[in-house]
Amino acid sequence: SNDESFFSVIRHRELMVHHPYESSATSTEEFIRQAANDPKVRAIKATLYRTSVDSPVAQNLIAAAERGIQVAALIELTARFEEQTNVQWAKALERAGAHVVYGMVGLKTHAKCLLVVREEEEGLRRYAHIGTGNYNSTTARIYEDIGLFTCDDAITSDVADLFNHLTGFSKSPRFSQLVTAPVDLRTRIVSLIRAEAAHGPEGRISMKMNSLVDEEIINELRAAAVAGVEIDLLVRGICSLSLAGPGGPNVRVRSVLGRFLEHSRIYRFGHGGGNGGPEYLIGSADMMSRNLDLRVEVLVPVRHPKHRSWLDKVFEIFWRDDVVRFDLTKDDTWVRSGPQEFVFEHDAQGQLMEWATNLQLAQGSASAYDLDE
């Protein structure tokens with residue numbers, strides 16, 4: 001393929017990738033590698049929360065800086081367990097001439113964003129990647145995560161504003177597409193929950209996250225459930241929402257554990273989008289007070305019908321009756337449910353892997369997303 005393959009694919013349309021069912025090495029890492037080696041690229045900006053020791057992302061950012069590309073790296077020095085690795089990469093990036101920023105005072109930068117600015121015939125064009133996972137090649141093989149590549153003007157201009165804000169060049173911006181913490185994420189989620197509650201029993205909320213502990217969000221979900229909204233929560237870790245009491249029967253809570261660490265956050269609201277259609281958001285934030293109030297987090301809307309149907313499929317598989325899982329009961333205990341044997345065909349991740357693989361084979365392409373409309 002020609003050397004601008006990744007950019008031409010994204011120009012054709014937005015691209016969504018789901019790791020590890022689709023390789024991070026051939027998508028996110030390849031995107032950065034191509035950007036770092038592209039003579040038309042003028043700038044690359046990245047948030048690095050958990051880097052790995054052999055980080056291809058950091059190595060490519062260094063190569064880009066050495067080639068004279070303007071590189072900005074936002075490195076979170078307080079990412080647990082990664083402090084030493086992150087410090088070493090920060091020093092190496094600075095030596096290469098990159099602009100290294102160590103996050104906002106008092107806020108952990110947990111957002112997962114990349115921005116590439118490229119000079120093209122019609123002028124500068126921006127490309128962005130926004131995801132749920134860290135740019136870490138080691139965990140990319142064992143963490144389940146989702147990423148969106150886009151050159152949509154509204155989204156990429158938001159990402160550019162975010163980087164300008166984080167690197168200290170501007171005040172907190174107003175975003176047209178991104179939903180960000182600590183500014184508007186909490187209020188946006190609350191208003192989406194309330195909008196569903198207004199639909200009563202027609203309302204639908206599906207959330208997939210690592211933890212649900214924020215008191216306000218839990219109270220809003222409970223109020224929506226009391227109003228009749230059907231609420232499905234896939235929570236890998238801590239869930240502080242009690243199924244006892246009012247609204248409980250309208251809420252299902254499930255935890256799926258498997259060979260991959262479930263790490264993506266997907267928020268789907270049945271009527272929250274424009275024209276009364278659904279709203280889908282993916283990104284870095286869990287429903288925890290620290291994510292909503294004390295960190296820089298980013299959620300991005302997923303709009304392409306193909307990408308939405310993929311997310312629908314994830315929910316559908318994870319809520320099947322024939323998969324092994326833990327269900328939260330109405331007395332707030334977790335019970336292992338489903339088939340007795342944890343074998344491949346009773347493994348939600350196994351079923352998703354099989355579905356994704358078959359889709360890719362049927363389409364004969366490297367990615368299930370590279371098709372024309």
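Just so we're clear, the structure is a prediction, and the values are computed from it rather than from any experiment. (Residues numbered from 1 in each chain as written. Predicted model: local features only at pLDDT ≥ 70, side-chain atom pairs only at ≥ 80, totals over all residues. Heavy atoms only, no water.)

Caption draft 1: Main features of the confidence of the model for the protein. The predicted model of the protein averages 92 in pLDDT, with 96% of residues at 70 or higher. In the predicted structure, residues 368-373 sits below a pLDDT of 50 and forms 24 contacts with residues beyond four places in sequence or in another chain. (pLDDT = per-residue confidence, 0-100. Contact = heavy atoms within 4.5 Å.)

Caption draft 2: Focus on the packing of helix 9 (residues 305-318) against helix 10 (residues 348-363). One way to put it is that helix 9 packs onto helix 10 with a least axis distance of 9 Å and a crossing angle of 145°. For the pair helix 9 and helix 10, the sense of crossing is right-handed. When helix 9 is examined against helix 10, the residues Trp 310, Lys 313, Val 314, Ile 317 and Phe 318 are found in contact with a partner set consisting of Ala 348, Gln 349, Gln 351, Leu 352, Trp 355, Ala 356 and Leu 359. Residues of the contact of helix 9 with helix 10, tallied by class, amount to nine nonpolar, two polar and one charged. (Axes fitted to C-alpha atoms, helices over the stretch in contact; angles between N-to-C directions. Helix = DSSP H or I, 4+ residues; strand = E, 2+ residues; numbered from the N terminus. Left-handed = near helix turned anticlockwise from the far one by under 90°. Nonpolar A, V, L, I, M, F, W, Y, C, P; charged D, E, K, R; others polar.)

Caption draft 3: Quick peek at the pattern of salt bridges. Counted according to the given criterion, the structure contains 26 salt bridges. Arg 265 serves as the salt-bridge partner of Asp 286, at 3.3 Å between the closest nitrogen and oxygen. Pair noted here: Asp 286 is in the loop between strand 15 (279-283) and helix 8 (289-293) and Arg 265 is in strand 14 (residues 265-269), with a separation of 21 residues, a long-range link. Accessibility expressed as a relative area gives 4% for Asp 286, which makes it buried. Its relative accessible area of 2% is what places Arg 265 among the buried residues. With a closest N to O distance of 2.7 Å, Asp 312 and Arg 268 form a salt bridge. Of this pair, Asp 312 sits in helix 9 while Arg 268 sits in strand 14, and the two are 44 residues apart along the sequence. (Salt bridge = Lys/Arg side-chain N within 4 Å of Asp/Glu carboxyl O. Buried < 20%, exposed > 50% of the residue type's maximum accessible area, 1.4 Å probe, protein only.)

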